[in-house]
Each structure stands twice: as C-alpha cells, then as structure tokens.
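This is what each chain is made of:
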Amino acid sequence: MKNIVLIIFCFFFQIISAQPDSLFLKVKAEKYEGPQWIRKNKATVDLNEVAFVNWNAGGTNSISGLLGFETSANYTDKFFNWKNNAVLRVGMNKQEATELRKTDDLFEINSNIGFQPDDNANWFYSARLNFKTQLFNGYKYPDTDNPISRFMAPGYLFFGGGMEYGKNIDKTSFYFSPVTLKATFVLDETLANAGKFGVTPAVYDTEGNLLVKGERVRREVGILITNSHEMKVAQNVNVKHQLSLYSDYINNFGNVDVDWSLDFDFKVNSFIRATLGSHIRYDDDIKTLEETDVEGEYAEAGAKIQWKQFLGIGFAVDF
C-alpha cells in the first residue's frame with residue numbers, strides 16, 4: 001500500500017519538474033451573468049481489430065469495441081454550484097474460437113453541491129455523492145459458469161461532506177471530507193454467502209448446511225481525499241488525472257483504498273480521437289484467488305494491486 005502512494009507522489013514530482021508552466025493554477029476572471037444550467041452529452045465509440053490471412057508468423061483474429069456515454073447537468077449562481085453527471089461504459093472482445101468476453105463495464109453517478117461563503121473565497125463547503133456498479137456478469141475466463149461479479153455485486157456508494165478547493169481554479173480540484181459513508185452492496189446471494197468484496201460471509205455447520213446467510217451490505221465511515229486535474233500537454237493532447245484516497249475509521253484505520261486513473265486524449269479532428277488510459281485500484285476488501293492443486297478449485301490470496309490499461313482509436317460526438 002505504501003508503494004502505491006510513493007508511486008503516485010513520484011509521478012506528480014516528475015510532471016511538476018517537466019511542466020511547470022502547464023501546472024500553474026490560473027484563476028478564472030469571468031463576469032457573473034446570473035444563475036444558469038449547462039447541459040452536455042458525449043457519446044464515444046472505440047474500436048480495435050486484428051485479422052490474419054495466410055500469415056506465416058501466425059496470430060489470432062480479434063475485434064474489440066468500447067461504447068461510452070456521458071451526460072452532465074451543472075448549475076451555478078453567485079454562491080452555489082451543483083454538478084451532476086452519469087457515465088456508462090461497456091466494452092467487449094471477441095477472439096477466434098473463444099466466446100465473447102467483457103473488457104469494461106461501468107455505470108456511475110456523481111453529484112456534488114458546493115457553497116462559496118463569499119466572492120473572494122477559494123474554499124467551498126461541499127457535499128458529495130458517488131455511486132458505481134456494473135451491468136453485466138463478470139467471469140474468471142475461461143470459466144463462464146460461475147460469475148465472480150454481477151449487477152450490484154458489488155455496488156459502491158460514497159456520501160459525505162467536507163471542504164473543496166479549486167472551484168474557481170481552471171480544471172483543478174482538491175476535496176477533503178473528514179466524514180464519508182461508504183456502503184458496499186453485494187446483492188447476489190451466492191457472492192454474499194462467500195463473503196466477497198468485504199461483506200460478512202455466511203455461517204455453515206460442519207455438514208455444510210447454511211445456518212446464517214451472508215450479509216449483503218457492508219457499511220464504513222472514514223476519511224476521503226480526492227484530487228482531479230486536467231491540462232493540455234501538447235497540441236491536441238490533453239491529460240486528465242483523478243485520484244481518490246479513502247480510509248475507514250473503524251476497520252483497520254490507516255489502510256488506504258486507492259483509486260487512480262490517468263487518461264490521455266489525442267484529438268485528430270472534431271470527431272476522431274485516440275485514447276490512452278491507465279487505472280490503478282487497491283481495496284483491501286477485494287481478495288484475489290489463486291489456483292490450488294485440485295483442478296477447478298481456488299484459494300483466497302489476499303488483496304493485490306489492480307491495474308487496467310486501454311489504448312484505442314474511435315469517434316466522439318458532443319451534443
């Protein structure tokens with residue numbers, strides 16, 4: 001866990017050393033024009049395809065796609081702002097002689113309301129809600145008979161209040177919440193009984209009969225720190241960083257859950273773009289499985305760093 005935090009700080013130090021002008025916080029000097037709603041929608045399609053015909057080096061035909069949709073509705077007036085957005089992503093991959101496999105699956109809702117005490121204040125009193133889950137079953141391929149995740153198994157809900165700095169700073173935000181509720185939902189009975197994603201597992205007798213069902217909700221109260229920043233690093237190249245750090249007060253305080261994404265957007269023209277993304281997660285409640293000597297059986301191996309990387313080219317439409 002300490003290695004993850006060290007890597008993150010080293011990354012920021014490298015960026016600051018290389019791009020001092022790009023990271024300078026620029027205060028907006030916009031004239032107040034009264035209360036207003038701003039609504040935006042964005043749809044994206046990213047494709048990757050490989051085909052071989054009589055290729056003497058060998059290879060496997062494959063095609064993969066990622067569909068994305070994001071909508072936002074933001075309200076601002078002289079002292080209040082209310083930002084809302086929803087994100088949907090579904091990715092699939094099909095290789096020759098294998099079944100259709102999932103590569104990405106996310107449904108997320110965010111809502112953030114802030115109050116600025118006066119015109120000159122850079123700090124806002126904020127309340128923030130975040131909910132995320134998946135839509136389709138997840139598997140440990142090639143085993144497609146036993147799902148390892150489902151819709152609302154898991155589902156995560158964060159809700160809390162605190163202070164945020166950066167509402168009038170160009171595309172930069174620092175948020176600190178000393179009290180944030182985290183609820184983990186595992187609404188699938190099989191996964192809940194197995195104690196997946198940190199919920200209390202079921203209790204069985206010596207003969208394997210179920211005595212007490214596994215809990216379907218795990219509740220935590222802890223501290224949440226988030227940071228986000230967007231900047232232009234070159235002509236038609238933008239980078240967006242989002243970091244979330246959470247630690248529960250009651251269960252092993254000081255053990256930090258990390259969620260860090262770094263996305264590069266390469267704009268070709270108004271519609272065509274390329275994307276390069278990296279997503280690192282660490283959650284001590286999510287245990288991994290390792291194969292045992294018995295075929296088809298797995299043993300719990302504890303929490304590990306999760307990493308996902310994506311590279312694709314596709315289309316984006318704003319409306």
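Attention here is on the structure that accompanies the text. Numbers given to residues run from 1 along each chain, matching the order in which its sequence is written. With the structure being a predicted model, the display of local features is reserved for residues of pLDDT at least 70 and the display and counting of side-chain atom pairs for 80 or more, all residues being used for whole-chain, interface and lining totals. Only hydrogens and water are set aside when side-chain values are computed; all heavy atoms of the structure are taken into account.

Remarks on the pairing of strand β3 (residues 80-95)
For strand β2 (residues 62-76) and β3, the ladder comprises 15 bridges, and the chain directions are antiparallel. When the sheet's bridge partners are listed, alanine 73 is paired in β3 with asparagine 84. Any two strands between which DSSP finds at least two bridges are classified as paired. Numbering of helices and strands runs from the N terminus; a helix is a DSSP stretch of H or I covering at least four residues, while a strand is a stretch of E covering at least two. Across 14 bridges, β3 lies against strand β4 (residues 101-115) in antiparallel orientation. Within β4, the residue paired with phenylalanine 80 across the bridge is phenylalanine 115.

Description of unusual backbone geometry
The amide bond that connects tyrosine 141 to the next residue, proline 142, takes the cis arrangement and shows omega of 10 degrees. Counting through the fold element by element, proline 142 comes out in the loop between β5 (123-133) and β6 (155-165). The omega angle of the peptide bond from alanine 153 to proline 154 is 10 degrees, so this bond is cis rather than trans. Within the secondary structure, proline 154 sits in the loop between β5 and β6. Positive phi, normally seen in glycine, also occurs at methionine 152, with a value near 60 degrees. Position of methionine 152 among the secondary structure elements: in the loop between β5 and β6.

A look at the nonpolar core
Core analysis: the biggest nonpolar cluster contains twelve residues, these being Ala153, Tyr156, Phe158, Tyr175, Val186, Leu191, Ala192, Phe197, Val199, Leu224, Tyr246 and Ile286. Elements represented by at least two residues in this core include exactly β6 and α2 (189-193). Contacts are assigned to residue pairs with any non-hydrogen atoms lying within 4.5 Å of each other. Other than its neighbours up to four places away in sequence, phenylalanine 158 contacts Arg128, Leu129, Asn130, Thr180, Leu181, Lys182 and Tyr246. Among buried residues, those of type Ala, Val, Leu, Ile, Met, Phe, Trp, Tyr and Cys that are joined through side-chain atoms within 4.5 Å constitute a nonpolar core. Working definition: with a 1.4 Å probe on protein chains only, accessible area under 20% of the residue-type maximum means buried, over 50% means exposed, and in between means partly exposed. Formed by six residues, the second largest nonpolar core is a distinct cluster that contains Leu243, Val256, Val258 and Trp260.

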